[in-house]
Amino acid sequence: MAVPFIDIKRFEPGFLEKWETKVKELSAVAQFIGGAEVAELEKRLSEFTETKYAVACANGTDALQLALRAMGVGRGDTVLVPDSTFWATFEAVVNVGADPVTVDTNEVDLQMDFEEFKKAAEKYKPKAAILVHLYGWASAKVLEYRKFCNEKGVLLLEDGAQCFGVRIQNESIYKSALISTTSFYPAKVLGAAGDGGAVFTNDEALATMVRQLANHGRTSHYGHGSIGWNSRMDSLQAAFLNLSLDHIQARLDSRISIAKRYQKELPALGINVIEPPTGFTENGYCNANIFSLETRPKLEAHLKEKGIAFGIIYPGAMSDQPGAAGYGKFGDKNIARKICASILNLPLFAYMNDQEFDEVYSALKDFFK
Ligand SMILES: *Cc1c(COP(=O)(O)O)cnc(C)c1O
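Residues numbered from 1 in each chain as written. Predicted model: local features only at pLDDT ≥ 70, side-chain atom pairs only at ≥ 80, totals over all residues. Heavy atoms only, no water.

A.B. asks: Lay out the overall build of the protein chain with the relevant residues and their values.
C.D. replies: Helices and strands together make up the secondary structure of the protein chain, namely twelve helices and 15 strands. Projected onto the principal axes, the alpha-carbon positions of the protein chain cover approximately 70 × 55 × 40 Å. Looking at the protein chain as shown, the accessible area adds up to about 15800 Å², and 52% of this sits on carbon and sulfur atoms. With 40 positive and 46 negative side-chain charges, the protein chain shows a spacing of 2 Å between the two charge centroids. (Helix = DSSP H or I, 4+ residues; strand = E, 2+ residues; numbered from the N terminus. Areas by Shrake-Rupley, 256 points an atom, 1.4 Å probe, with all protein chains shown as cover. Lys, Arg positive; Asp, Glu negative; His and termini not counted. Charge placed at Lys NZ, Arg CZ, Asp CG, Glu CD.)

Below is the structure:
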């Protein structure tokens, strides 16, 4: 039996019927942009993330750009970004007119390295920084980042496209961020039926600006207080997300239980399983949306032969991308490059079943025995 890397069509019983009904209802009244579904989604997102304001937008990349613009980041500003992330983090900085500088990765938590970050901040005096919480867990240093950036006057944006549902110190990871974002790309933890994104903050002025920028800088229907663009979420996406939010805890629990089994059972096979950081997260949990271990080419071939799909996330460091030529890079240890060359992500998705887990496990056992 083949095991997919991710399967996003394991909907709960009755889900697709409810969705069909929604599509009919919204289509019959031609409710396509904004409206009650978007308002409800924003309310539920703000509850779930424990933030005062949630603003829905067109996608996760726009969410980053809206947050940067709302913070006043633009031409001539330097923004520190992780060398390990999805390209959108890097792109967003350039798209608002600012200059990204990559900071290397920490070998233990696979997130931006805090010690390197402090040195880079000293050197570049950045206006802002983007901390990315990759793989369904939080940067082990998130609290230190927040404190440091607050003290040094660096505006810290947290890219939470891969940590929806993660909690630290008994609160949502988004709760105490200055401003944070997520993506509802279908393959994310909370996925839409197309593109979507959101910005979260407790700061009213930032939230107002994000909302304005996402709707052509509007202050009234034909009043434009700023140069924004169209990054509105459509009603159908919001409706799909509202239906999905009814099941978010079950989906997270399912992911967590698979992640825990990997963590528990793989080390006995001699596999280096990279675990989410513990210690600072007393009652926190990790939604582990991607699972990583080291060792590669031969394992790749073996898994392919066994029909086990896997991911290589990510195959290259940001600073090595052709599109990054000419932009800044701090440090020369190239840990990000090294991790990219050794990481392999095992299947992990909501409602992955025991049979599938066993299949992955026995393929690994075969290989490592
Ligand atoms: C997916 C992702 C994004 C971009 O989101 P889109 O909705 O695809 O634009 C940004 N940052 C990270 C870390 C992501 O994983």
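Moving on, there is more to tell.
A.B. asks: Describe the nonpolar core, and please don't skip the residues or the numbers.
C.D. replies: The tendency in soluble globular proteins is for nonpolar side chains to be buried as a group. Ranked by internal contacts, the top residues of the largest apolar core, which has 42 residues, are Leu-41, Leu-45, Leu-80, Phe-117, Phe-164, Phe-184 and Leu-190. Sequence-distant contacts of Leu-190, that is, excluding residues within four places in its chain, are made with Leu-45, Phe-164, Ser-183, Phe-184, Tyr-185, Leu-241, Ser-244, Leu-245 and Ile-248. (Core = buried A, V, L, I, M, F, W, Y, C linked by side-chain atoms within 4.5 Å. Buried < 20%, exposed > 50% of the residue type's maximum accessible area, 1.4 Å probe, protein only. Contact = heavy atoms within 4.5 Å.)

A.B. asks: Give a description of the site of the ligand that names residues and reports values.
C.D. replies: Taken together, 15 residues are adjacent to the ligand, and Gly-60, Thr-61, Asp-159, Ser-183 and Lys-188 come closest. A distance of 2.7 Å is found between a nitrogen atom of the ligand and a side-chain nitrogen or oxygen belonging to Asp-159. Within the side chain of Gln-162, an N or O atom sits 2.9 Å from an oxygen atom of the ligand. Contact with the protein chains hides 92% of the accessible area of the ligand, taken as 380 Å² for the molecule alone. Contributions of two or more residues to the shell around the ligand are made by helix H3 (60-70) and helix H4 (87-95). Split into classes, the residues belonging to the shell around the ligand amount to five nonpolar, eight polar and two charged. (Near = heavy atom within 4 Å. Polar contact = N/O pair within 3.5 Å; in protein donor to acceptor, adjacent residues only side chain to side chain. Nonpolar A, V, L, I, M, F, W, Y, C, P; charged D, E, K, R; others polar.)

A.B. asks: So what about the confidence of the model for the protein chain? Which residues, and what values?
C.D. replies: Note that predicted coordinates carrying low pLDDT should not be read in detail. Predicted confidence across the protein chain gives a mean pLDDT of 93, with 95% of residues reaching 70 or more. Averaged pLDDT values for the elements of the protein chain fall to 63 in strand S13 (residues 291-294) and rise to 99 in strand S9 (residues 197-201). Confidence over residues 280-284 falls short of pLDDT 50; this stretch has 14 contacts with residues more than four positions distant or in other chains. (pLDDT = per-residue confidence, 0-100.)

A.B. asks: Talk me through the side chain of Gln-65; I want residue IDs and the actual numbers.
C.D. replies: Along the chain, Gln-65 turns up in helix H3. Overall, the relative accessible area of 10% leaves Gln-65 in the buried class.

A.B. asks: So what's going on with the sheet that holds strand S1 (residues 53-57)? Which residues, and what values?
C.D. replies: Spatial ordering of the open sheet is given by S1-S9-S8-S5-S4-S2-S3-S14, a layout of eight strands whose pairing is mixed. Among the strands making up the open sheet, the edge pair consists of S1 and strand S14 (328-329). Taken together, the five bridges between strand S8 (residues 179-183) and S9 define a ladder with antiparallel strand orientation. When the bridges of S9 are listed, Thr-182 appears paired with Ala-198. Here helix H6 (residues 142-152) sits on the sheet and contacts strand S4 (128-132) and strand S5 (155-159); the angle it forms with S5, its principal contact strand, is near 155 degrees. (Pairing = 2+ DSSP bridges. Axes fitted to C-alpha atoms, helices over the stretch in contact; angles between N-to-C directions.)

A.B. asks: Tell me about the pattern of salt bridges, and please be specific about residues and values.
C.D. replies: According to the stated counting rule, one finds 25 salt bridges in the structure shown. For Arg-44, the salt bridge identified is with Asp-246, shortest N-O distance 2.8 Å. Here Asp-246 lies in the loop between helix H8 (235-245) and helix H9 (248-265) and Arg-44 lies in helix H2 (residues 35-49), a separation of 202 residues in the sequence. The residue Glu-50 makes a salt bridge to Arg-167 at a minimum N-O spacing of 3.0 Å. Here Glu-50 is found in the loop between H2 and S1, whereas its partner Arg-167 is found in strand S6 (residues 167-168), with 117 residues between them in sequence. (Salt bridge = Lys/Arg side-chain N within 4 Å of Asp/Glu carboxyl O.)

A.B. asks: Can you lay out the packing of helix H5 (residues 114-124) against H6 for me, pointing to particular residues and giving the numbers?
C.D. replies: Two elements in contact, H5 and H6, have axes separated by 11 Å at closest approach and are oriented at 10 degrees. The orientation of H5 relative to H6 falls into the category roughly parallel. Relative to H6, H5 is oriented so that their crossing is right-handed. On H6, the residues that touch Phe-114, Phe-117, Lys-118 and Ala-121 of H5 are Glu-144, Tyr-145, Phe-148 and Cys-149. Its residues assigned to classes, the contact of H5 with H6 comprises six nonpolar, no polar and two charged. (Parallel < 35°, antiparallel > 145°, perpendicular 65-115°, else oblique. Left-handed = near helix turned anticlockwise from the far one by under 90°.)

A.B. asks: Before we move on, could you go through the packing of H3 against helix H7 (residues 204-213) and cite the residues and values that matter?
C.D. replies: Put simply, H3 and H7 touch, their axes get as near as 9 Å, and they point 125 degrees apart. Relative to H7, H3 is oriented oblique. As for how H3 packs across H7, the hand of that crossing is right-handed. Residues Leu-66, Ala-67, Arg-69 and Ala-70 of H3 form the contact with H7, whose participating residues are Leu-206, Met-209, Val-210 and Leu-213. A class-by-class count of the residues in the contact of H3 with H7 yields seven nonpolar, no polar and one charged.

A.B. asks: Explain the packing of aromatic side chains residue by residue, including any values.
C.D. replies: Counted under the stated rule, the structure contains 19 aromatic pairs. Residues Phe-11 and Phe-15 carry aromatic rings whose centres are separated by 5.0 Å and whose planes lie at 5 degrees to one another, so their mutual orientation is stacked. Judged by relative accessible area, which is 3%, Phe-15 ranks as buried. Each ring, one from Phe-357 and one from Tyr-361, has its centre 6.3 Å from the other, and the planes form 20 degrees; the classification is stacked. (Phe/Tyr/Trp six-rings, centres within 6.5 Å; stacked < 30°, edge-to-face > 60°.)

A.B. asks: Give a description of helix H1 (residues 15-28) that names residues and reports values.
C.D. replies: Across its 14 residues, H1 extends 20 Å between first and last C-alpha, which sits within 8% of the 20 Å expected from 1.5 Å per residue. When H1 is considered as a whole, its buried residues turn out to be Phe-15, Trp-19 and Leu-26. In an axial view of H1, the angular spread of the buried residues amounts to 35 degrees, which keeps them on one side of the axis. Exposed positions of H1 whose direction lies more than 90 degrees from the buried face are Glu-17, Lys-24 and Ala-28. Next to the buried residues of H1 lie H2, H8 and H9. Two residues or fewer after H1 comes Ala-30, characterised by a positive phi angle close to 50 degrees. (Expected span 1.5 Å × (residues − 1). Arc of directions from axis to C-beta.)

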